[in-house]
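# Results of the structural survey
So you can see what is in the structure, the chains are spelled out below.
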Amino acid sequence: MTVESTAARKPRRSSGTKRTASAGAKKPQSSEPQLVQLLTPEGERVQHPEYDIDLTAEELRGLYRDMVLTRRFDAEATALQRQGELGLWASLLGQEAAQIGSGRALRDDDYVFPTYREHGVAWCRGVDPTNLLGMFRGVNHGGWDPNSNNFHLYTIVIGSQTLHATGYAMGVAKDGADSAVIAYFGDGASSQGDVAESFTFSAVYNAPVVFFCQNNQWAISEPTEKQTRVPLYQRAQGFGFPGVRVDGNDVLACLAVTRSALERARRGEGPTLVEAFTYRMGAHTTSDDPTKYRADEERAAWEAKDPILRLKAYLENEGHADAAFFEELEAESEALGKRVREAVRAMPDPDHMAIFENVYADGHALVDEERAQFAAYQASFADSAPEEAK
Amino acid sequence: MTVESTAARKPRRSSGTKRTASAGAKKPQSSEPQLVQLLTPEGERVQHPEYDIDLTAEELRGLYRDMVLTRRFDAEATALQRQGELGLWASLLGQEAAQIGSGRALRDDDYVFPTYREHGVAWCRGVDPTNLLGMFRGVNHGGWDPNSNNFHLYTIVIGSQTLHATGYAMGVAKDGADSAVIAYFGDGASSQGDVAESFTFSAVYNAPVVFFCQNNQWAISEPTEKQTRVPLYQRAQGFGFPGVRVDGNDVLACLAVTRSALERARRGEGPTLVEAFTYRMGAHTTSDDPTKYRADEERAAWEAKDPILRLKAYLENEGHADAAFFEELEAESEALGKRVREAVRAMPDPDHMAIFENVYADGHALVDEERAQFAAYQASFADSAPEEAK
Amino acid sequence: MAVQKLPLAKALNESLRKALETDPKVLIMGEDVGKLGGVFRVTDGLQKDFGEDRVIDTPLAESGIVGTAIGLALRGYRPVVEIQFDGFVFPAYDQIVTQLAKMHARALGKIKLPVVVRIPYGGGIGAVEHHSESPEALFAHVAGLKVVSPSNSSDAYWMLQQAIQSDDPVIFFEPKRRYWDKSEVDTEAIPGELHKARVVRDGTDLTLAAYGPMVKVCLEAAAAAQEEGKSVEVLDLRSVSPVDFDAIQKSVEKTRRLVVVHEAPVFFGSGAEIAARITERCFYHLEAPVLRVGGYHAPYPPARLEEEYLPGLDRVLDAVDRSLAY
Amino acid sequence: MAVQKLPLAKALNESLRKALETDPKVLIMGEDVGKLGGVFRVTDGLQKDFGEDRVIDTPLAESGIVGTAIGLALRGYRPVVEIQFDGFVFPAYDQIVTQLAKMHARALGKIKLPVVVRIPYGGGIGAVEHHSESPEALFAHVAGLKVVSPSNSSDAYWMLQQAIQSDDPVIFFEPKRRYWDKSEVDTEAIPGELHKARVVRDGTDLTLAAYGPMVKVCLEAAAAAQEEGKSVEVLDLRSVSPVDFDAIQKSVEKTRRLVVVHEAPVFFGSGAEIAARITERCFYHLEAPVLRVGGYHAPYPPARLEEEYLPGLDRVLDAVDRSLAY
Ligand SMILES: Cc1ncc(C[n+]2csc(CCOP(=O)(O)OP(=O)(O)O)c2C)c(N)n1
Ligand SMILES: Cc1ncc(C[n+]2csc(CCOP(=O)(O)OP(=O)(O)O)c2C)c(N)n1
Ligand SMILES: [Mg+2]
Ligand SMILES: [Mg+2]
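Residues numbered from 1 in each chain as written. Chains lettered and ligands numbered in written order. Predicted model: local features only at pLDDT ≥ 70, side-chain atom pairs only at ≥ 80, totals over all residues. Heavy atoms only, no water.

### Details of the overall build of chain A
Along chain A, the regular secondary structure elements total 13 helices and seven strands. Residue burial in chain A is summarised as follows: out of 390 residues, 63% are buried. By sequence separation, contacts in chain A at least 24 residues apart represent 74% of the contacts at least 6 residues apart. Summed over all atoms, the accessible surface of chain A reaches about 13,800 Å², with 49% contributed by carbon and sulfur. (Helix = DSSP H or I, 4+ residues; strand = E, 2+ residues; numbered from the N terminus. Buried < 20%, exposed > 50% of the residue type's maximum accessible area, 1.4 Å probe, protein only. Contact = heavy atoms within 4.5 Å. Areas by Shrake-Rupley, 256 points an atom, 1.4 Å probe, with all protein chains shown as cover.)

Next comes the structure, spelled out in structure tokens:
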């Protein structure tokens, strides 16, 4: 009487035949375009039909300097962690082009929502690098003024900031301003519901936001295949806005593609997803041991695509920079390292009472009560308790 | 020295010029194919290059019967709510083809994860319709045995069940079975992070699951444009699996497309998103007043596409059903209405102690304690308290 | 005349209207808050009068709603977010707990998040699952949030004004079964402080402390007790974080007995915190342990059982009797 | 020999291995649980030995992890889910509270959800934000969940076995700063009941009740108090939902004084529930109000302040003194 009862049954496979998760999986056809590249790993300038950029020698040297100094700062921070000055460090090694390229595409009035690894972007925004180290040293949870440089605090809970960026961009549109907003996140983050919701909200409200995904191939120990079975830039399409994959180790391409996406946002055309295809050269953080899960060869292959070396080759080949420039930069790097080192070592521990500060903007009776109790308790040691009891 | 400082600035718009959220928005090009249709609103059978189906007259009558009885049941439930027998009802009026077509594509060993509106699918699964009414009457929160008919409980928290379906499908694959799983959800639900995560998990694990989205154009008072700016079936692509839009008021097309997607899942080719383009003819629920937010004309336009009328026209035109069939069905409908009415009126209120039942499978000391206290408290009234104090 | 008798829902509506009029940065966001005016009509007519730019129908995604509200607040807006029902706040819980609550401290005070999250809560309306819960304890435990709940129309009006003006995130629990209860609102009165409790009935023998929907029940219980010659004081706590312990202490020092009443499950509920702290503050005053009346450790039951599940007049009186029997 | 001295993390690892060996339906799921073996190495070597089909690296999405674990449980599996750190459980909170906790009741008992959610929790390891929190109260308040926390290697081993065998969802809080502490595990012993407290030190003057990471601190405090001639009993509660109130009551009827210690903020924390209920049960026995020692109502502070924030030996002793002074 019903279709169910008469519908032809496919013969079942013997239940002994185990179907593994990927058995017989036919990957959907995806017309995977070349990633946008303007500078080859060998440092040769190539053209791209859609994205181009024309930079002066000075600008090119500027980008190079940014990357070198960012790497230097990053290396110093890693060293400081080893020396016990920092509790943790999340290195951006290998991702300098993605961060400097996108960071230098921004205008002052644009707003940045970073993850915890955007030290290069912070650099472009003019955030004092030593400010970034407070949270890794354990003296604060961030603590710089986001509005000083339009650079929001680092966000550790994966994906959350993409919604903040979207809301901020909605506000920009409401204000009738033509600034843009950029949200950084990783390949792993692409799986979080919040990121999908930010795609939905930004598309529906046509918010002027650029989603900049640094696909560094790893989310701690998990390769990108654990997050998606098609290239990540394609995710945008199904939400109704364009996605583009760019060579994340090519600072020129990252600059060009991000600038174009930001301009699109300014023109009121809504969000864009940029997937910067790059590589995390180091450990996830200083707490991580990548030898547990990935082969040395992989890293070696990516070393050949180093973002700094390729721009250096280009600068040298084209005669855009001379030995003096490189020497000067070397000295500047050392000075930066020294400054950071000294600043961190001099960074005071927070006052104990800071526990109770800024919990609320308008105060809270319980915080006041606990603050007073704590102060009295601390004072009781100062007065009388023998040192051992402390 | 840096690119930032030399980058050309676009002139700002005067901040007085308000950019509204959609101003200048260029909708991304989407090659929007016709939706899959096998039966026109006028009841004419049409061919589709990719999807076809060959049904006997008996099968066609079966589908018709399913739709008619489902609608009758639904109308009875709405009436029962008006009479105060139910606290609430969520009518499926207009969505019969989407539910019966997809429901009849299922095998017994497939598993269904519904929302709160899948009365037609429940019917196909053989769930006694009166069982569905308990939660709307307020005597339980569902309470049928999901494993009796491979039909999970209704899920009210929007989107949650798509993850359960995905996990269940991962288990099916682990078991080496060739069953499939189907998850129902609405156009509004497509915005929930959980739905996106279920797309990610099902794609990555290649889980045998079909996502069946009934786009009934409304999420309570919000039209689909508040959830997406491109057709919903396109969402799947960016997660790496196919999406297809089907005429949700065409039971044949819904059957064909769902069956094809289920077969794909069985073959180990992973998830599919089916968007059934349909219309919520009634209010969101009996608590809702759609005149607050939508025009009568819209409803009228969809009435011309009624899923039952079009199959009836086809049956009649092709001589697949005679007057006796329709009369018999009319009588069957009335009998169903009567049975449901009587069953609901006879439905006993739950025992008070049920509050404490099934909170845990293995028991919990506090529940035991509270149960005992409650029993003693209740008993105290039976003994002594005057009736007014109750 | 600034004094009107309004249903609680209408008082909220008036309060939102006032906020939209007074401060161009105030936004209303949520599911169905626009044309429909919200499923409880609390935002009725606001989109019509203030436009889609200020009264915003959002996609169906609570994390997205709160997450974008945070972004809007960072841009200088004051979003008032509506969660459609208590049971649907959980998809937004991560944004509320890890971001909304902590961002001010994370920034060492350099940014403020004046976001109000309105949540119709509690049972008693015969609803289906997820539509009758009282999750306030899950927010009060989290530092950085303020949690309040009005019990009457005047408080609904004024406390919402104050919540919107607050530079801190406020979780604003609306007693949905009182939405239709009318009481007087003076829109020109000088309101009390947002986080202060109020004695709504004087008494000498025992203190009943409640907030939101249970205040009415406690007043009824006090009236019933009066008939038996027991003088019961009733405190409307109004705020769950912070709790106005000073006010409770003052009352208990007089009455020496305390019963705390809420709809939420007793286990790990507000009553626990109040009992623990008041016992510590009033150890030598209490003639009886602080008793708690609330929901059971069970999911909120189907509607036909809610009368048994919810603390009603009898259960409150039973606790009053038990306390007085010590 | 079945008795070995193991670090707590290793005991958990052995327990998971045992479960995978014994029951083919047991699955391990989470971020980085595979090749890496988890960021704390609790799942070390398990994927190698049991395959990717049973030890599953998931996408980075906690709601997805718990949501699919529910689906797998509905299919007959027994998923053991790892949340990487306490602060990252919130994206999964909706699935835990509205689905995992309630589905058994929703189905009138016709389905069971034997899902274990393992959460390394608590501070003291000098970590960045979101890596040191103690959110157990947010789960204990929710009916349908069981919440436990071992304090030593033997309990880690056995309680995890029992949690996996339980037909109820269990939130399993692992004291991360004790992961490296070694103690004896007898893998052939007959374990105690999962939700029963244990007296870990006898005493007569005062009871300290704690669980997880704070048990060690309480034992140290008791030893220090002993030197001053105070006999302190220490209870390892082991379970936060249910709480073994009988055991606490028994101890308090003897000692007449109780101090509850946990890392989580005091406000609306476990101590509140214990204080309220024990005061009710032991009103005439208590010589002093139940005191609570825990975190402050503030976000978990940066690492350089955690020593001040966390309840340590001194703060416990201070509370002991205050209690004894009544
Ligand atoms: C919600 C949440 N879950 C888990 C973590 C722990 N965690 C920190 S970083 C990380 C991997 C992130 O990978 P990806 O997004 O690719 O960024 P990357 O670290 O590679 O820059 C994980 C799982 C977290 N911070 N937040
Ligand atoms: C998480 C959550 N948020 C809000 C709601 C309230 N609500 C119930 S149904 C609904 C609209 C659903 O729309 P859609 O997904 O299109 O399904 P339809 O009702 O049209 O079948 C809303 C907002 C809910 N049930 N769950
Ligand atoms: Mg990555
Ligand atoms: Mg809909």
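### Regarding the pattern of salt bridges
Residues and elements named next belong to chain B. Evaluated as defined, the whole model comprises 110 salt bridges over all chains. Between Arg71 and Glu96 there is a salt bridge; the shortest N-O distance is 2.8 Å. A residue pair is termed long-range when its members are at least 10 positions apart, and Arg71 in helix α2 (residues 57–82) and Glu96 in helix α3 (residues 96–103) qualify at 25 residues. Residue classification places Arg71 among the partly exposed residues on the basis of a relative accessible area of 21%. (Salt bridge = Lys/Arg side-chain N within 4 Å of Asp/Glu carboxyl O.)

### Some details on the site of ligand 2
Among the 20 residues in the neighbourhood of ligand 2, the closest are listed as B:Tyr116, B:Arg117, B:Gly188, B:Trp218 and C:Glu62. In this structure, ligand 2 sits where chains B and C come together, each supplying nearby residues. In this structure, B:Tyr116 approaches ligand 2 through a side-chain N or O atom, which is 2.7 Å from an oxygen atom. Within the complex, the protein chains bury 95% of what would otherwise be the 590 Å² of accessible surface of ligand 2. A breakdown of the residues in the shell around ligand 2 according to their chemical character gives 10 nonpolar, six polar and four charged. (Near = heavy atom within 4 Å. Polar contact = N/O pair within 3.5 Å; in protein donor to acceptor, adjacent residues only side chain to side chain. Nonpolar A, V, L, I, M, F, W, Y, C, P; charged D, E, K, R; others polar.)

### Details of the side chain of C:Ser239
All names here are of chain C. Secondary-structure assignment places Ser239 in strand β12 (residues 239–241). For Ser239, a relative accessible area of 1% gives the class buried. Here Pro242 takes part through its backbone oxygen, which lies 2.5 Å from a polar atom of the side chain of Ser239. In contact with Ser239, not counting residues within four places along its chain, are Val147, Val148, Leu194 and His195.

### As for the packing of aromatic side chains
Residue and element names in this part refer to chain A. This model, assessed by the stated rule, comprises 88 aromatic pairs over all chains. Judged by centre distance (6.5 Å) and plane angle (70°), the rings of Phe136 and Tyr154 are edge-to-face. Here Phe136, found in helix α5 (residues 129–137), pairs with Tyr154, found in the loop between α6 (146–149) and α7 (160–175); they are 18 residues apart in sequence, far enough to count as distant. In this pair, the class of Phe136 matches that of Tyr154, namely buried. Between the aromatic rings of Trp144 and Tyr154, the centroid separation amounts to 5.3 Å while the plane-to-plane angle is 85°, which identifies the pairing as edge-to-face. One end of the pair, Trp144, is in the loop between α5 and α6; the other, Tyr154, is in the loop between α6 and α7, with 10 residues separating them in the sequence. Considered together, Trp144 and Tyr154 belong to a single accessibility category, that of buried residues. (Phe/Tyr/Trp six-rings, centres within 6.5 Å; stacked < 30°, edge-to-face > 60°.)

### A few points about the domain arrangement of chain A
For chain A, the assigned domains read domain 1 (35–345) and domain 2 (352–389). Inter-centroid distance (C-alpha atoms) of domain 1 of chain A to domain 2 of chain A is 40 Å. (Domains from an automatic or database assignment.)

### Focus on the site of ligand 1
In the neighbourhood of ligand 1, 20 residues make up the surrounding shell, with A:Tyr116, A:Arg117, A:Gly188, A:Trp218 and D:Glu62 lying closest. More than one chain reaches ligand 1: the nearby residues come from chains A and D. Backbone polar atom of A:Ala189 to an oxygen atom of ligand 1: 2.9 Å apart, as the coordinates give it. The separation between an oxygen atom of ligand 1 and a polar main-chain atom of A:Trp218 is 2.8 Å. Computed on the free molecule, ligand 1 has an accessible area of 580 Å², of which 95% lies beneath the protein chains in the complex. Residue classes in the shell around ligand 1 are distributed as 10 nonpolar, six polar and four charged.

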